[in-house]
Amino acid sequence: MNVIYVNANNLQEIKRSAPNAAMALGYFDGVHLGHQKVIQTAKEKAIAHNLSLAVLSFFPHPKSVLFPDKEVSYLEPIEQKVEKLERLEVDIFYIVEFTKELAKVEANDFLDDYIIGLNAVEIICGFDYTYGAKASGTVNTLAVYATAKQVGLTVVEELKWNNQKISSTLIRKYLTERKLRDLPTLLGGFYKTKYCQKNGLLPNYSLPNVGSYKVLIEDRQSFIECVATVKCNRYIQIHNETSILPNLLTILWVDQLEKVPS
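In this text the structure is predicted, and so the values were computed from the model without any measurement.

Trainee: Before we go on, may I ask you to explain the overall build of the protein in this structure?
Mentor: Looking only at helices and strands, one finds eight helices and 14 strands in the protein. Radius of gyration (C-alpha) of the protein: 20 Å, near the 18 Å computed for a compact globule of 262 residues. With the C-alpha coordinates of the protein rotated into their principal frame, the extents come out at 65 × 35 × 35 Å. Per-residue burial for the protein yields a buried fraction of 49% across its 262 residues.

Trainee: Looking at this model, I keep getting lost on the sheet that holds strand β4 (residues 92–97). Mind explaining?
Mentor: Within a sheet, adjacent strands bond to each other through the backbone by hydrogen bonds, running parallel or antiparallel. Here we have six strands laid out as an open sheet, ordered β1-β4-β3-β2-β5-β6, and parallel in their pairing. The sheet terminates laterally at β1 (2–6) and β6 (152–156), the two strands that pair on one side only. Adjacent strand axes in the sheet meet at a mean angle of 20 degrees when their direction is disregarded. Across five bridges, strand β2 (residues 21–25) lies against strand β5 (residues 120–126) in parallel orientation. Bridge pairing links Ala-22 to Glu-122 in β5. The strands that helix α2 (residues 33–49) touches are β2, β3 (52–59), β5 and β6; relative to β5, the one it contacts most, it runs at about 160 degrees. The strands that helix α6 (residues 139–149) touches are β5 and β6; relative to β6, the one it contacts most, it runs at about 160 degrees.

Trainee: Explain helix α7 (residues 168–176) to me, please; I cannot follow it from the model alone.
Mentor: Given 3.6 residues to a turn, an α-helix orients residues that are three or four positions apart in the same direction. Of the positions making up α7, those classed as buried are Ser-168, Leu-170, Ile-171, Tyr-174 and Leu-175. For α7, the angular spread of buried residues about the axis comes to 160 degrees, placing them on one side. In α7, the exposed residues that point more than 90 degrees away from the buried face are Thr-169 and Thr-176. Tucked into the core, α7 has its buried residues touching α2, β7 (160–161), β8 (164–165), α8 (183–187) and β9 (191–196).

Trainee: Sorry if this is basic, but what is going on with the pairing of strand β11 (residues 211–219) here?
Mentor: For β11 and strand β12 (residues 222–230), the ladder comprises nine bridges, and the chain directions are antiparallel. By the bridge assignment, Leu-216 is partnered in β12 with Glu-225. Across six bridges, β11 lies against strand β14 (residues 248–257) in antiparallel orientation. Of the residues in β14, the one forming a bridge with Tyr-213 is Gln-256.

Trainee: Would you explain the pattern of salt bridges in this entry?
Mentor: Charged atoms that come close allow side chains of opposite charge to pair. This structure, assessed with the given rule, holds 14 salt bridges. The salt bridge involving Lys-15 is made with Asp-113; its shortest N-O contact spans 3.4 Å. Taken together, the residues Lys-15 in helix α1 (residues 11–17) and Asp-113 in helix α5 (residues 107–116) connect sequence positions 98 residues apart. Among the residues examined, Asp-113 registers a relative accessible area of 28% and is labelled partly exposed. When salt bridges that share partners are traced, they join Lys-173, Glu-177 and Lys-179 into one network.

Procedures and definitions
- Residues numbered from 1 in each chain as written.
- Predicted model: local features only at pLDDT ≥ 70, side-chain atom pairs only at ≥ 80, totals over all residues.
- Heavy atoms only, no water.
- Helix = DSSP H or I, 4+ residues; strand = E, 2+ residues; numbered from the N terminus.
- Rg over C-alpha atoms; globule rule 2.2 N^0.38 Å.
- Buried < 20%, exposed > 50% of the residue type's maximum accessible area, 1.4 Å probe, protein only.
- Pairing = 2+ DSSP bridges.
- Axes fitted to C-alpha atoms, helices over the stretch in contact; angles between N-to-C directions.
- Contact = heavy atoms within 4.5 Å.
- Arc of directions from axis to C-beta.
- Salt bridge = Lys/Arg side-chain N within 4 Å of Asp/Glu carboxyl O.

Take a look at the structure:
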């Protein structure tokens, strides 16, 4: 997969070599099953029309730029998102630098520069996708635009579980409420973080709320089952012989425990 960082300075150069693509639009934090449905739909369009499969997202999160005083909780960093998109057989991952200047770009201008400009022939997005200054662009305005530009548009309806929309917001809620057992149903697998035994949680991950949990620690081709106690939003205690573990841990969060080990 080709990972391409896009900003206002290099956009024109990238446009010149961008292949025709079926392009999935969204932020895709966590790449949960709702996101995967959008990407899978884009993949089907790419195959049907002999196009590259592209995903276009942003970094940093728009809220962190527009509201710098408010902390934004990320579910995963770009590196882990890249791993998941590669497994979904995405060809190109466009990561657009979100800035205050980009936030002022009008909806149609954004589509001209970053969507049609990057040769999107088929556009695929979720039903609640918004874009452009003050989120003025919606799937309804996008439909009008796509018709005018004679490009395809597919809007993917919401994916629900237990009558709730599968979303990054719901996953964060379950992390706060310690409902780890439900997360594989939303993510397609256990929630995963990377943790340095010396420095704590790596940037752009979120931990479950304070408490103790059954976890799996990746160890080459196998897993070590143990207990981890979350002390705060950055540090945890591993209830295992930590000297046999690597300094950088990949932790899969399985379930909450009611009792904290002594």
